[in-house]
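# Overview (structure and organization)
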Amino acid sequence: MVNKKTTKNHTNRKAAKEHLRTLVENSNVSHVRSTGRIVKYGAMGFTRNIWLSIAATLVMTVTLVILMVTVFASLILTATAKTMQQKIDISIYFTPSTDIGTMNELANIMRTDENVDTVEVTDSAGEYDIFLRDRQDNEELLSALEDEAMHELMLNTMHPTMRVKVKDPNDLSSVKNLVETTEIFQEFIDPEESPTYDVNQAEISTINSWANVAKNGGLILGAVFLVISILVIFNTIRMAIFSRREEIHMMRLVGADGSFVRGPFLVEAQICGIISGILASTIAYAGFHFLAPKLANYGIDVSAITEVFESKMLVAVYAVMCGIGIIIGSISARLAMRKYLH
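An account of the accompanying structure is given in this report. Values in this document were obtained by computation on a predicted structure and should not be read as measured data.

## Thoughts on a nonpolar patch on the surface
Judged by side-chain polarity, Ile50, Trp51, Ile54 and Leu58 come together as a nonpolar surface patch covering roughly 430 Å² of accessible area. The residue Leu58 is located in helix α2 (residues 50–87) in this model.

## Points about the side chain of Thr63
Secondary-structure assignment places Thr63 in helix α2. Assessed through its relative accessible area of 0%, Thr63 is described here as buried. From its side chain, Thr63 meets the backbone oxygen of Val59 in a polar contact 3.0 Å long.

## A word on helix α3 (residues 100–110)
Listing the buried residues of α3 in full gives Thr102, Met103, Leu106, Ala107 and Met110. One side of α3 holds all its buried residues, which, seen down the axis, span an arc of 145 degrees. If you follow the buried residues of α3, they end up packed against β1 (90–93), β2 (116–122), β3 (161–166), α7 (173–181) and α8 (183–188). Between a side-chain oxygen at the N-terminus of α3 and the backbone nitrogen of Gly101 the separation is 3.0 Å; the capping residue is Asp99.

## A word on the pattern of salt bridges
When the charged atoms of two side chains with opposite charge come close together, those side chains can pair. In total, this model carries 1 salt bridge according to the counting rule given. Taking the shortest distance from any N to any O, the salt bridge between Glu127 and Arg163 comes out at 2.9 Å. Of this pair, Glu127 sits in helix α4 (residues 124–134) while Arg163 is found in strand β3, placing the two residues 36 residues apart along the sequence.

## Considerations on the packing of aromatic side chains
Throughout the structure, instances matching the rule amount to 4 aromatic pairs. Taking 6.1 Å as the distance between ring centres and 40 degrees as the angle between the ring planes, the aromatic pair formed by Phe94 and Phe185 counts as tilted. One end of the pair, Phe94, is in the loop between β1 and α3; the other, Phe185, is in helix α8, and 91 residues separate them in sequence. Each member of the pair, Phe94 as well as Phe185, is classed as buried. Among the aromatic residues, those joined into a cluster by ring pairs are Phe72, Tyr285, Phe288 and Phe309.

## Here we look at the sheet that holds β1
With respect to topology, 3 strands assemble into an open sheet ordered β1-β3-β2, the strand pairing being antiparallel. Each edge of the sheet is formed by a strand with only one pairing partner; in this case those strands are β1 and β2. Going from strand to strand, the sheet's axes swing by 20 degrees on average, the running direction of each strand aside. As paired strands, β1 and β3 are joined by 4 bridges and run antiparallel to one another.

## Structural notes on the side chain of Asp190
Secondary-structure assignment places Asp190 in the loop between α8 and α9 (201–243). Within the buried core, Asp190 has no salt-bridge partner, and the shortest N-O distance to an opposite charge, that of Arg163, equals 13 Å. Looking at Asp190, its side chain comes within polar contact range of the side chain of His159, at 2.7 Å. For Asp190, the side chain forms a polar contact with the main-chain nitrogen of Glu192, separated by 2.8 Å. What Asp190 contacts, discounting residues up to four positions off in sequence, is Tyr93, Phe94, Thr95, Pro96 and His159.

## Considerations on the nonpolar core
By size, the foremost hydrophobic cluster in this structure holds 32 residues, and its most contacted members are Met68, Ile233, Ile237, Phe288, Phe309 and Met337. Taken together, the elements giving at least two residues each to this core come down to α2, α9, α11 (258–297), α12 (303–309) and α13 (313–340). Looking at this core element by element, the count peaks at 8 residues for α11. Every residue in contact with Met337, bar those within four places of it in the chain, is listed here: Ile237, Ile241, Arg262, Phe265 and Leu266. Formed by 21 residues, the second largest nonpolar core is a distinct cluster that contains Ile92, Val175, Val179 and Ile189.

Rules used in this analysis
- Residues numbered from 1 in each chain as written.
- Predicted model: local features only at pLDDT ≥ 70, side-chain atom pairs only at ≥ 80, totals over all residues.
- Heavy atoms only, no water.
- Patch = residues over 30% accessible without salt bridge, like charges linked within 9 Å, V, L, I, M, F, W, Y side chains within 5 Å.
- Areas by Shrake-Rupley, 256 points an atom, 1.4 Å probe, with all protein chains shown as cover.
- Salt bridge = Lys/Arg side-chain N within 4 Å of Asp/Glu carboxyl O.
- Helix = DSSP H or I, 4+ residues; strand = E, 2+ residues; numbered from the N terminus.
- Buried < 20%, exposed > 50% of the residue type's maximum accessible area, 1.4 Å probe, protein only.
- Polar contact = N/O pair within 3.5 Å; in protein donor to acceptor, adjacent residues only side chain to side chain.
- Arc of directions from axis to C-beta.
- Contact = heavy atoms within 4.5 Å.
- Phe/Tyr/Trp six-rings, centres within 6.5 Å; stacked < 30°, edge-to-face > 60°.
- Pairing = 2+ DSSP bridges.
- Axes fitted to C-alpha atoms, helices over the stretch in contact; angles between N-to-C directions.
- Lys, Arg positive; Asp, Glu negative; His and termini not counted.
- Core = buried A, V, L, I, M, F, W, Y, C linked by side-chain atoms within 4.5 Å.

Without other data, these values stay purely geometric and don't point to any function.
Listed below in structure tokens is the structure:
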């Protein structure tokens, strides 16, 4: 008797497990089918209100393009300013009679400054060679300099030069102090040629200012279009809810839960976001490749953005833009549904 009872209980437990497994499988299938229907109805809603959907997509695309341009412009201008700073060197001019041995001694003194990165020196002959090399296309001038007297005159007017690269171009006080207070510098420095402490600083300040303007102005403009995008999608969903109010009523009567009713509207807004993200990324990609050569010709550093667009990170850019579009669409749709979907 005990064995029969135990066997029966074991059979019942096994049957119960099988029943639960079937319920779970059916629930999963039902959930997948429900999700599929939500996506299907959302896509149908997107095409049903096609003109409103296009308007919402275009406004969101503009918003995403502005955000991308803001980020890229800030990165490009900041990189350009840093590149210019790295190329800056301070030129200190000495009297033509200063020999190379003295120039090397002065260079060693300059290297004791902690802000100094590299120091290069040339004597009058070296500067004359640089002068000729920079004007090698001027055949008339080169022909005139073949005269020995002219050659000697030019050589005697060339200033031996010290070119100093610093680690922090924004703080040249230590270099200035070294030049102005060291006796040997003052003995040989040319009083008629001032060191080029401030050359290119104005251009760098201008670029930094433009970087700040691009960042702040772009963020403000992006925020404005972000609000417009939310409002447009908000009204798109509101119109969709209004036009489908009878369908929604029937869905509730037959027992549809809230997520099934809200899902299609959320999907509709997210489709807008995905399409906007793809369009914005494509526009930015094409626009950058069109403008990059022209910007590079003006000495603007576009290498950071080029690396992004010409590597696997391009996929990440598309994914991020689509993600931002989905977030904007979802927020707008939820705001509309909270207010109008009762």
